[in-house]
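# Architecture at a glance
Each chain is listed here by its residues.
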Amino acid sequence: MTTQEVPTIKPTKASVHPIYHIWQLVKYKPWLYAGFFLLEMFFFVVFPQTVGLLSREFFNSLTGDAALALNHWGILAVVIAVSTAKNIGSLLDFLIHTVVRVNFTGLMRSNMLLRLLNHPGASPYPESTGETISRFRGDVREIAMFANELISPIGQGIFAIIAVVVMFQISPKVTLIAIAPSIIILVMSQFTTKRFIKLRRSRRSASGRLSGMISEVFSAVESMKVSGAENSVIDQFNFLTEDLKQKALKDTVYHEFIHTVYRNINNVGTGLILLVIGSMMEGQTFTVGDFSLFIYYLGFISNFMGVFGDIIAHYQQIKVSNERITTVLSPDPSEALTEHNEIYLTGKLPEIPYVVKTEEHRLNELRVEGLTYHFGGTGRGVEDITFSVPRNSFTVITGRIGSGKTTVLRAILGLLKKQAGTIYWNGERVENPAAFFTPPRSAYTPQITQLFSETMRENVLMGMPEGEVDLDFALSTAVMEDDLKVIEDGLDAMLGARGVRLSGGQRQRSAAARMFIRKPELLVLDDISSALDVETEKKLWERVFAFENHTLLAVSHRHTVLEHADQIVLLKDGHVQAVGTLEKLLEEEEEMRQLWQGKADHDMAE
């Protein structure tokens, strides 16, 4: 991306209306939401109506026109009692408001994360990491806030209806003037809708681009320093920051401008009403209490008209949020956003399930037939891949750069959704590889490892109960024992973002230890020694080869690995060139001789 151009994201049409999500959120915690609703009705309907009517009686009592038997001191006492009840209820209302909001955002974010984790692991997200985080954070919050704050205008609307009825009984003429601003605001909202959507969509996209860049910068600090790109990165950061500032400013100014217009329309209407009321009081058709009640009501009605305009504007904004979230959920339907699931906000978290390896997980043979996967738009990929992996054997997939080695592994494991072919485990067809190829059946260490901002211990265990597994065995197999002696805090050392405190080789071996500790039937390794020195690599493979009752499927071009292989699957241009032992392939295949002699590219990068 250059600093002269910022791409815009084409919106995806949502399959469901935002109101669907609002209703699903309400049904998620119906009793909690009902309690919140009743409290809001007290604050916006019962309390203000009571105060307004009592105020009229208070002023009428001063002129002898009061309908109630209470004197003005009794009326004041009732007002004070009601106000005290309101203050006590305010705290409860605040607490429930917070709990409702946290439940709503928790449910939606939980569902979004669940859908992302269920996507094929090697498939790219529909947007950048930063843009996706922006949608998790800002767009979810927008929808939750709308659902949470919708009760307030409903309460104010009920209050306004009651007020209009009371006012109409006192003076139909003044009442008609009072409701005229609402009609004007409703008409204006129809002309501002498109502009609201355009500005909000632009602002959200700019925020996502900035978040994405920050995420990428944190993950590539070393590369930036090595290439001397700090100044270019800062320039791009400043450009994206300025772009976000300008778009946020336009969005905010437009919103505040429309908000101000709505308010001023109501203020003009209020002024006209006061003039009319003044003339009516001269004719003694209005009591002092009626006047005070009208003034009291007009403030609330005027505020409701402004809130009514705001809620229309806010609704247009959540339509944008709904569109943006739908792209993250894809290919799942957008209904999944508010699907009712348990979230754990209080109490003990559920135990991570630990599956004990039994006879049903035993591997006798893995067979792949006609496996095909092509990357969209490039034509690259693998086609008609067929081979088998017997129990307790060591199978190595090798080939030139771009021959499809890593793609084969990912397609077998379901990290890429195969487009053709069949995978068999002990002669039985595997319908869902992504769900099937998990511990204790199989475990996988990719070429590019992923560590988390936790301790070394937690990164290796990944939720497994330490008392049920052999942590020392896993670390020893991964040749980590000497490293742990020099790493401060050892197993309890915090690794930093993506394991930044470790070297490339240590990150690879930590990820390998995560695989070894699960002792699966099938170990799948994608060049796990590419970042290791010669001595450490030798030790690692010696320990892997010493495994008993384990089946290994690996990608590698290392001579030591190829020499220990029971069979080698030789790939060329995305197809299986040949399958056999090293001796057989060196004798019969020129491609294998080229790779062995180092005359062909054979790094693992694909």
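Residues numbered from 1 in each chain as written. Predicted model: local features only at pLDDT ≥ 70, side-chain atom pairs only at ≥ 80, totals over all residues. Heavy atoms only, no water.

### Structural notes on the overall build of the chain
How we decide: A run of H or I in DSSP becomes a helix once it reaches four residues, and a run of E becomes a strand once it reaches two; helices and strands are each numbered from the N terminus. The contact definition used throughout considers only heavy atoms, calling two residues in contact when any of these lie within 4.5 Å. The protein chains shown are the only cover counted for residues, whose accessible areas, like all others here, come from Shrake-Rupley with a 1.4 Å probe.
If you tally the helices and strands in the chain, you get 19 helices and ten strands. A separation of at least 24 residues holds for 78% of the contacts in the chain among residues at least 6 apart in sequence. On the chain, roughly 30,200 Å² of surface is accessible, and the fraction owed to carbon and sulfur atoms is 58%.

### Some thoughts on the sheet that holds strand β4 (residues 420–425)
Applicable threshold: Between any two strands, pairing holds if DSSP finds at least two bridges.
As summarised here, the arrangement of the four strands in space is β2-β1-β4-β5, forming an open sheet in which the pairing is antiparallel. A strand with exactly one partner marks an edge of an open sheet, and here the two such strands are β2 (381–390) and β5 (428–429). Here strand β1 (residues 365–374) runs beside β2; their pairing, made up of seven bridges, is antiparallel. Across the sheet, Leu371 pairs through a bridge with Ile385, a residue of β2.

### A few points about the pattern of salt bridges
Opposite charge on two side chains allows them to pair when their charged atoms are near. Keep this limit in mind: Think of a salt bridge as a Lys or Arg side-chain nitrogen and an Asp or Glu carboxyl oxygen that are within 4 Å of each other. Note on exposure labels: buried denotes an accessible area under 20% of the residue type's maximum, exposed denotes more than 50%, and partly exposed covers the range between, all computed with a 1.4 Å probe on protein chains only.
Scanning the entire structure with this criterion turns up 21 salt bridges. The salt bridge involving Glu521 is made with Arg391; its shortest N-O contact spans 2.5 Å. Here Glu521, found in the loop between α15 (504–516) and β7 (522–526), pairs with Arg391, found in the loop between β2 and β3 (394–399); they are 130 residues apart in sequence, far enough to count as distant. Taken individually, Glu521 and Arg391 each receive the classification buried, so the pair is uniform in this respect. Residues joined in a network through salt bridges with shared partners are Lys357, Arg391 and Glu521.

### Brief notes about a nonpolar patch on the surface
Test applied: Think of a patch as exposed residues, more than 30% relative accessible area, with no salt bridge, where like charges cluster within 9 Å and nonpolar side chains (Val, Leu, Ile, Met, Phe, Trp, Tyr) cluster within 5 Å.
Judged by side-chain polarity, Leu91, Phe94 and Leu95 come together as a nonpolar surface patch covering roughly 330 Å² of accessible area. Among the structural elements, Leu91 can be located in helix α3 (residues 72–118).

### Here we look at the packing of aromatic side chains
Note the threshold: Pairing of aromatic rings covers Phe, Tyr and Trp, the last counted by its six-membered ring, and requires centre-to-centre distances within 6.5 Å; plane angles under 30 degrees mean stacked, over 60 mean edge-to-face, and any other angle means tilted. Charge over a ring is defined by NZ of Lys or CZ of Arg lying within 6 Å of the ring centre and within 35 degrees of the ring normal.
Within the structure shown, the criterion is met by ten aromatic pairs. Taken together, the aromatic side chains of Tyr33, Phe36 and Phe104 make up a single cluster linked through ring pairs. Note that Lys29 overlies the ring of Tyr28, its terminal NZ or CZ placed 5.2 Å from the centroid. Sitting over the ring of Phe436, Arg441 keeps its end group 4.0 Å from the ring centre.

### Some details on the pairing of β1
Relative to β4, β1 runs antiparallel, the two being bridged by five bridges. Of the residues in β4, the one forming a bridge with Glu369 is Thr422.

### Let's talk about the sheet that holds strand β10 (residues 575–580)
Quick note on the threshold: Axis angles are defined between N-to-C directions and span 0 to 180 degrees, where every axis is a line fitted to C-alpha atoms and, for a helix, only to the segment in contact.
Strand order in the open sheet made by the six strands is β6-β7-β8-β3-β9-β10, with mixed pairing throughout. The sheet is open, and its two borders are formed by β6 (442–445) and β10, each paired with just one other strand. With strand direction ignored, the average angle separating the axes of adjacent strands in the sheet is 15°. Along the sheet face, α15 touches β6 and β7 and points at about 180° away from the line of β6.

### Re unusual backbone geometry
Going from Pro439 to Pro440, the amide bond is cis rather than trans, its omega being 10°. As for its position among the elements, Pro440 is in the loop between α11 (433–436) and β6. Positive phi outside glycine occurs at Met462, with the angle close to 50°. Here Met462 is to be found in the loop between α12 (456–461) and α13 (471–477). For Met462, a relative accessible area of 38% puts it in the partly exposed group. Positive phi, close to 50°, is recorded for Asp527, a residue that is not glycine. Within the secondary structure layout, Asp527 lies in the loop between β7 and α16 (534–545). Using a relative accessible area of 3% as the deciding quantity, one classes Asp527 as buried.

### Focus: α15
This is how it is decided: Expected span, for any helix, means 1.5 Å times one less than how many residues it has.
With 13 residues, α15 extends 19 Å from end C-alpha to end C-alpha; this agrees with the ideal 18 Å at 1.5 Å per step. Within α15, eleven of the 13 residues are buried, which leaves it mostly tucked inside the rest of the structure. Buried residues of α15: Gly505, Gln506, Gln508, Arg509, Ser510, Ala511, Ala512, Ala513, Arg514, Met515 and Phe516, and no others. Looking at the buried residues of α15, the elements they touch are β6, α12, α13, α14 (481–486), β7 and α16.

### A word on the nonpolar core
Selection rule: Among buried residues, those of type Ala, Val, Leu, Ile, Met, Phe, Trp, Tyr and Cys that are joined through side-chain atoms within 4.5 Å constitute a nonpolar core.
Counting 46 residues, the largest nonpolar core has Met456, Leu475, Phe516 and Ile517 as its most contacted members. No other element matches the four residues that α15 contributes to this core. Contacts of Leu475, omitting those with residues within four sequence positions, involve Val460, Met480, Glu481, Leu484, Leu491 and Ala513.

### A short note on the environment of Ala554
By the secondary structure assignment, Ala554 is in strand β8 (residues 551–555). Considered as a pair, Ala554 and Ala565 are eleven residues apart in the sequence and their alpha carbons are 9.4 Å apart. Those residues within four positions of Ala554 in sequence are excluded, and the remaining contacts are Phe394, Thr395, Val396, Ile397 and Leu525.

### Description of the pairing of β4
Across two bridges, β4 lies against β5 in antiparallel orientation. Residue pairing across strands places Tyr424 opposite Arg429, the latter belonging to β5. Counting the residues that bridge the hairpin from β4 to β5 gives two residues, and of these Asn426 lies at a positive phi of roughly 55°.

### Here's the deal with the environment of Ser205
The residue Ser205 is located in helix α6 (residues 172–219) in this model. Judged by relative accessible area, Ser205 falls into the buried class, the value being 5%. Measuring from C-alpha to C-alpha, the distance between Ser205 and Ser134 comes to 8.7 Å, with 71 residues separating the pair along the chain.

### A look at the side chain of Asp483
Among the structural elements, Asp483 can be located in helix α14. Ignoring sequence-local partners within four residues, the contact set of Asp483 consists of Gln506 and Arg509.

### Details of the confidence of the model for the chain
Filter applied, for reference: Summary of the metric used: pLDDT quantifies the predictor's per-residue confidence within the range 0 to 100.
Scored by pLDDT, the chain comes out at a mean of 81, with 84% of its residues at no less than 70. Mean pLDDT across the secondary structure elements of the chain bottoms out at helix α7 (residues 221–227), with 69, and peaks at β5, with 96. Note on residues 1–14: pLDDT under 50 across the span, and 25 contacts to partners over four residues away in sequence or across chains. Below a pLDDT of 50 lies the segment residues 602–606, which in the model reaches 23 contacts outside its immediate sequence neighbourhood of four places, other chains included.

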